[in-house]
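Descriptive analysis of the structure
In case you want the letters, here they are:
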Amino acid sequence: MATTLSSGRHLAFPFHIGTDGRTAAPPHDDAHVREEVLQLLLTSPAERLFLPEFGGGVRRLVFEPASETLRGVVKARITDALTRWLGHRLTVELVEVAWNDAGATLEVTVKYVPAGGADARILRFQRTST
């Protein structure tokens, strides 16, 4: 069961220094959750030394041959990663994965409800192999 988000300060993703010289932070909880989803999905498993199971591994998928079976496996992997690592931050409502072989493009759509929120958010991102 999801709970409300904390009101503490979080680091922005990708990490950078703000205009005031301090570490940048997301402007609000919705942005923070969105950045966490992107960070999770774009991190490859074994990329983090002290948390080797963390990650959705979406970046590597653009090089895989497209098929309905692979699409199902990818959806399951993304759903599992979101539920496991961010289940306390959001509730996943939809995960769609689409390939465009001609453009060598992978498109992922994630619909989720942030913890404590009533409205769903939709996050879409594309990755090309070039």
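No experiment lies behind these values; they were computed from the predicted model shown. (Residues numbered from 1 in each chain as written. Predicted model: local features only at pLDDT ≥ 70, side-chain atom pairs only at ≥ 80, totals over all residues. Heavy atoms only, no water.)

1. What about the overall build of the chain?
Of regular secondary structure, the chain possesses three helices and three strands. Overall, the chain shows an N-to-C arrangement of helices and strands of α-α-α-β-β-β. Overall, the chain is about 45 × 35 × 30 Å in size when its C-alpha atoms are taken along their principal axes. Looking at the 130 residues of the chain, the share that counts as buried comes to 35%. Of the roughly 7,900 Å² that the chain leaves accessible, carbon and sulfur atoms contribute 53%. (Helix = DSSP H or I, 4+ residues; strand = E, 2+ residues; numbered from the N terminus. Buried < 20%, exposed > 50% of the residue type's maximum accessible area, 1.4 Å probe, protein only. Areas by Shrake-Rupley, 256 points an atom, 1.4 Å probe, with all protein chains shown as cover.)

2. Here we look at the sheet that holds strand β2 (residues 105-114)
Pairing within the open sheet is antiparallel, and its three strands lie in the order β1-β2-β3. Both edges of this open sheet fall to β1 (90-100) and β3 (121-128), since each of them pairs with a single strand only. On average, each strand axis in the sheet is tilted by 15° relative to the strand beside it, whichever way the strands run. Bridge count for β1 against β2 is ten bridges, and the pairing is antiparallel. (Pairing = 2+ DSSP bridges. Axes fitted to C-alpha atoms, helices over the stretch in contact; angles between N-to-C directions.)

3. Some remarks on the pattern of salt bridges
Using the criterion set out here, one finds four salt bridges in the structure. The partner of D30 in a salt bridge is R121, with the nearest N and O atoms 2.5 Å apart. Here the residue D30 occupies a position in helix α1 (residues 29-42), and R121 occupies one in strand β3, the gap between them amounting to 91 residues. Its relative accessible area of 27% is what places R121 among the partly exposed residues. Its salt-bridge partner being R89, residue E36 comes within 3.3 Å of it at the nearest N-O pair. Of the two residues, E36 is situated in helix α1 and R89 in the loop between α3 (68-86) and β1; the sequence distance between them amounts to 53 residues. Summarising the burial analysis for this pair, E36 and R89 share the class buried. (Salt bridge = Lys/Arg side-chain N within 4 Å of Asp/Glu carboxyl O.)

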